[in-house]
Amino acid sequence: MRTLIRFVIVVALLWIGLLLSGYGVLIGSTQNAGGLGLQCSYLTARGTSTAQYIHSSNGLFGLTNCPLLRKSSTVIDNG
């Protein structure tokens, strides 16, 4: 029972941190447009968001992988 309560508290603190900071955590990615585009899905405190990036295998003019964290355009507290 204690483990469940601790788990719920940790999840709630992480959600509040995402809500106040405006960041999202990567939950999935797919290549599109013939392998030239990279579509990344992020989980934020307000739902999910997607971002489009240019994909390149060497990372010279685009991204090889999606960033783990991404700043959302909507932030609750700009303090």
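In the block above lies the structure referred to throughout.
Residues numbered from 1 in each chain as written. Predicted model: local features only at pLDDT ≥ 70, side-chain atom pairs only at ≥ 80, totals over all residues. Heavy atoms only, no water.

**Student:** Is there a simple way to explain the overall build of the protein chain in this structure?
**Tutor:** For the protein chain, the helix and strand inventory stands at one helix and four strands. In the protein chain, the succession of α and β elements from N to C terminus is α-β-β-β-β. Taking the contacts inside the protein chain whose residues are at least 6 apart along the sequence as the reference set, 39% of them involve residues at least 24 apart. (Helix = DSSP H or I, 4+ residues; strand = E, 2+ residues; numbered from the N terminus. Contact = heavy atoms within 4.5 Å.)

**Student:** Looking at this structure, how should I read the sheet that holds strand S2 (residues 37-44)?
**Tutor:** Strands belonging to one sheet form pairs held by backbone hydrogen bonds; the direction of such a pair is parallel or antiparallel. One open sheet accounts for four strands, arranged S3-S2-S1-S4; its pairing is antiparallel. Since the sheet does not close on itself, it has two edges, and those belong to strand S3 (47-54) and strand S4 (69-71), each with one partner. For this sheet, the mean inter-axis angle between neighbouring strands, taken without regard to orientation, is 40°. (Pairing = 2+ DSSP bridges. Axes fitted to C-alpha atoms, helices over the stretch in contact; angles between N-to-C directions.)

**Student:** Would you mind going over helix H1 (residues 2-21) with me for this structure?
**Tutor:** Since one α-helical turn is 3.6 residues long, residues separated by three or four positions face the same way. Relative to the 28 Å expected for 20 residues at 1.5 Å per residue, H1 spans 29 Å between its end C-alpha atoms, a close match to the ideal helical length. Just downstream of H1, Gly22 is the residue with a positive phi angle, here 85°. (Expected span 1.5 Å × (residues − 1).)

**Student:** How should I be thinking about the pairing of S3 in this particular structure?
**Tutor:** Inspection of the sheet shows S2 paired to S3 by eight bridges, in the antiparallel sense. Looking across to S3, one finds that Gly37 is bridged to Ile54. Connecting S2 to the antiparallel partner S3 that follows it, the hairpin turn spans two residues.

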